[in-house]
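Overview (structure and organization)
Read off the chains here:
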Amino acid sequence: MQPSGHRLRDVEHHPLLTENDNYDSSSSSSSSEADVADRVWFIRDGCGMICAVMTWLLVVYADFVVTFVMLLPSKDFWYSVVNGIIFNCLAVLALSSHLRTMLTDPGAVPKGNATKEYMESLQLKPGEVIYKCPKCCCIKPERAHHCSICKRCIRKMDHHCPWVNNCVGEKNQRFFVLFTMYIALSSVHALILCGLQFISCVRGQWTECSDFSPPITVILLIFLCLEGLLFFTFTAVMFGTQIHSICNDETEIERLKSEKPTWERRLRWEGMKSVFGGPPSLLWMNPFVGFRFRRLQMRPRRGGPEFSV
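Residues numbered from 1 in each chain as written. Predicted model: local features only at pLDDT ≥ 70, side-chain atom pairs only at ≥ 80, totals over all residues. Heavy atoms only, no water.

On to the UniProt feature "transmembrane region" (unreviewed entry) in the protein, then. The UniProt record marks residues 49-71, 77-95, 175-199 and 219-239 with the feature "transmembrane region" (unreviewed entry), using the residue numbering of this structure. Helix and strand shares over residues 175-199 are 100% and 0% respectively, and the end C-alpha atoms of the span are 36 Å apart. Helix makes up 100% of residues 219-239 and strand makes up 0%, while its end C-alpha atoms are separated by 30 Å. (UniProt positions renumbered as here; feature names shortened; annotations may be inferred. Helix = DSSP H or I, 4+ residues; strand = E, 2+ residues; numbered from the N terminus.)

The next point concerns the pairing of strand E5 (residues 144-147). Burial along E5 is two-sided: the face carrying Ala-144 and His-146 and the face carrying His-145 and Cys-147 are both buried. With four bridges connecting them, E5 and strand E6 (residues 152-155) associate as antiparallel partners. Across the sheet, the residue bridging to His-145 is Ile-154, located in E6. (Buried < 20%, exposed > 50% of the residue type's maximum accessible area, 1.4 Å probe, protein only. Pairing = 2+ DSSP bridges.)

Time to look at the packing of aromatic side chains. Each aromatic ring pair is specified by the distance between its two centres and by the angle formed by the two planes. Inspection of every chain in the model, using the stated rule, returns six aromatic pairs. Look at Phe-64 and Phe-68: their rings are 5.4 Å apart centre to centre, the planes differ by 35°, and that puts the pair in the tilted class. Of this pair, Phe-64 and Phe-68 both sit in helix H2 (residues 46-71), separated by four residues, roughly a single helical turn. By relative accessible area, which is 35% here, Phe-64 ends up partly exposed. Residue classification places Phe-68 among the partly exposed residues on the basis of a relative accessible area of 42%. Ring centres 6.0 Å apart and planes at 40° place the aromatic pair Trp-269 and Trp-284 in the tilted group. One end of the pair, Trp-269, is in helix H8 (residues 269-276); the other, Trp-284, is in the loop between H8 and strand E9 (306-308), and 15 residues separate them in sequence. For Trp-269, a relative accessible area of 52% translates into the label exposed. (Phe/Tyr/Trp six-rings, centres within 6.5 Å; stacked < 30°, edge-to-face > 60°.)

Relative to the helices and strands, Asn-248 is located in helix H6 (residues 214-248). A relative accessible area of 26% places Asn-248 in the partly exposed class. Between the C-alpha atoms of Asn-248 and Arg-268, which are 20 residues apart in sequence, the distance is 6.4 Å. In this view, Asn-248 contacts Arg-265 and Leu-267; residues no more than four positions away in its chain are not counted. Looking at Asn-248, its side chain comes within polar contact range of the side chain of His-244, at 2.9 Å. (Contact = heavy atoms within 4.5 Å. Polar contact = N/O pair within 3.5 Å; in protein donor to acceptor, adjacent residues only side chain to side chain.)

In the contact formed by H2 and helix H3 (residues 77-103), the axes pass within 10 Å of each other and the chain directions differ by 175°. As summarised for this structure, H2 and H3 are arranged roughly antiparallel, according to the angle between their axes. The residues of H3 that touch H2, namely those facing Ala-52, Thr-55, Trp-56, Val-59, Ala-62, Asp-63, Val-66, Thr-67 and Leu-71, are Tyr-79, Ser-80, Asn-83, Gly-84, Phe-87, Asn-88, Ala-91, Leu-95, His-98, Leu-99 and Met-102. For the contact of H2 with H3, the per-class residue count stands at 12 nonpolar, seven polar and one charged. (Axes fitted to C-alpha atoms, helices over the stretch in contact; angles between N-to-C directions. Parallel < 35°, antiparallel > 145°, perpendicular 65-115°, else oblique. Nonpolar A, V, L, I, M, F, W, Y, C, P; charged D, E, K, R; others polar.)

The phi torsion of most residues other than glycine is negative, and most of the peptide bonds are trans. One non-glycine residue with positive phi stands out, namely Asn-165, at about 50°. Along the polypeptide, Asn-165 turns up in the loop between strand E7 (159-161) and strand E8 (166-168). Residue classification places Asn-165 among the buried residues on the basis of a relative accessible area of 0%. With a phi angle near 50°, Asp-249 is a residue other than glycine that sits in the positive phi range. Note that Asp-249 resides in the loop between H6 and helix H7 (252-256).

Time to look at a nonpolar patch on the surface. A surface patch of nonpolar side chains, about 560 Å² in accessible area, is lined by Phe-64, Phe-68, Leu-72, Phe-212, Ile-216 and Ile-219. Contributing elements (two or more residues each) for the nonpolar patch: H2 and H6. Along the polypeptide, Ile-216 turns up in helix H6. (Patch = residues over 30% accessible without salt bridge, like charges linked within 9 Å, V, L, I, M, F, W, Y side chains within 5 Å. Areas by Shrake-Rupley, 256 points an atom, 1.4 Å probe, with all protein chains shown as cover. Salt bridge = Lys/Arg side-chain N within 4 Å of Asp/Glu carboxyl O.)

Moving on, we get to the nonpolar core. If you look at soluble globular proteins, the nonpolar side chains tend to sit buried side by side. Judged by nonpolar contacts, the single largest core of 22 residues is most densely connected at Phe-176, Tyr-182, Ile-183, Ile-246 and Phe-276. Those elements giving two or more residues to this core turn out to be H3, helix H5 (173-203), H6 and H8. At seven residues, the largest contribution of residues to this core is made by H5. In this structure, Val-65, Cys-194, Leu-220 and Cys-225 belong to the second largest nonpolar core, which totals 15 residues. (Core = buried A, V, L, I, M, F, W, Y, C linked by side-chain atoms within 4.5 Å.)

Two elements in contact, H5 and H6, have axes separated by 8 Å at closest approach and are oriented at 150°. As H5 runs across H6, the sense of the crossing is left-handed. Partitioning the contact of H5 with H6 into residue classes produces 22 nonpolar, seven polar and no charged. (Left-handed = near helix turned anticlockwise from the far one by under 90°.)

Okay, here's the thing in structure tokens:
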């Protein structure tokens, strides 16, 4: 039996609540949500965890080659210091952005909030239609989509990225954009250093250009060049598509499904401000903004692959 005065539909997408509506039908549920907010979000997906570990290992490999193969053996002290600081700063910012993307709730809608009490608390008008996700039994906010990997409906879901083992959505898109930008910049820097290193080794006949033997040095540099080209191509394309989506206020899913906007679009700078927060500033480039230590606690959860730590 549906409550009188409104209708409930089991559908996969389309409008219902505004982005500011939350499940708050009782004080106990409010305290429960606040309790969950204090924990770190993490998705237990095998493929995603492998991809995330591979990402870290490839960045660590690049840092090893740049530092120990190219910079430390260099006779130019300031060349080594300046380039070492730049590359390591970019690597730290990239990995920090990766962690923030992976461990930030992308905007998950509370599971099982399609209850009679919650719908009555919405104070719906007679005949008004709301939408329920049949997969996670939640009332779907406008622009939310269900992720089959996270097993949750995600607000403004753009896509699920295995390389960050998480969905890219309303609350972590900023960190994903920073991750792609810093990886692209560090890849360009590594490629430039590789080119300079090859020139130096050829001129010196491979005798004093590295502490490693010439064959090992060549293999390490070639692999780093291939890694840099692949990483730069992938992240530069993703960075461009993300900026385009933000400026048009349209997620990748909405673009692929050709969904007609039922919301007031925030175009260009307004869209950038809504994602990065506030007017343009250097804080936009900082992945540590809003960071706070969260308590570590593990507990089993039913019906989904996510857990809190």
